[in-house]
Amino acid sequence: MLSEIRIESLGAIKAACAEFDRGLTVLTGETGAGKTMVVTGLHLLGGARADAHRVRNGSDRAVVEGRFSTA
């Protein structure tokens, strides 16, 4: 299970960290808040191909890290 995701310089997100627990997790926010980039980060953690155009303007690279726990 994904227990934490950390994202830096991905689209609208300069830096963000979210911790997840068992049960329903819902991400909400205003337009432009970066919800799509969180989903993009989840896809990248799952092995999706990265797109250099998603790197935040002015940044050299984007970083997506995840912490997984096993039962």
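Preceding this paragraph is the structure being described.
Let me sum up the structure you'll find in this document. A quick note: this is a predicted structure, and the numbers were derived from the prediction, not measured.

## Notes on the side chain of Ser3
Within the fold, Ser3 resides in strand β1 (residues 2–10). Residues in contact with Ser3, not counting those within four places in the same chain, are Ala18, Glu19, Phe20, Arg67, Phe68 and Ser69.

## With respect to the pairing of β1
Most of β1 is tucked away: seven of the nine residues are buried. Adjacent in sequence and paired antiparallel, β1 and strand β2 (residues 13–19) are bridged by two residues, among which Gly11 carries a positive phi angle near 60 degrees.

## Some points on the pattern of salt bridges
As enumerated under the stated definition, the model contains three salt bridges in all. Salt-bridge contacts for Arg6 lead to Glu8; the nearest nitrogen and oxygen are separated by 2.1 Å. Classification of Glu8 as partly exposed rests on a relative accessible area of 32%. Measuring nitrogen to oxygen at the nearest pair gives 2.6 Å for the salt bridge that ties Arg6 to Glu65. Within this pair, whereas Arg6 is found in strand β1, its partner Glu65 is found in strand β3 (residues 63–68), the two being separated by 59 residues in sequence. The exposure class of Arg6 is partly exposed, given its relative accessible area of 25%. Bridged by salt links that share partners, the residues Arg6, Glu8 and Glu65 form one connected network.

Calculation rules
- Each chain carries its own residue numbering, running from 1 in the direction its sequence is written.
- Note on the predicted model: pLDDT of at least 70 is required for a residue's local features to be given, and 80 or more for side-chain atom pairs to be given and counted; whole-chain, interface and lining totals, by contrast, use all residues.
- Heavy atoms from the whole structure form the basis of all side-chain values; hydrogens and water molecules are not counted.
- Secondary structure elements follow DSSP: runs of H or I no shorter than four residues count as helices, runs of E no shorter than two count as strands, and numbering proceeds from the N terminus.
- The contact criterion used is simple: two residues touch if any of their non-hydrogen atoms lie within 4.5 Å.
- Note on classification: 1.4 Å probe, protein chains only; a residue is buried when its accessible area is under 20% of the maximum for its type, exposed when over 50%, partly exposed between these limits.
- Note on pairing: DSSP must find at least two bridges between two strands before they are called paired.
- Should a side-chain nitrogen of Lys or Arg be within 4 Å of a carboxyl oxygen of Asp or Glu, the pair is scored as a salt bridge.

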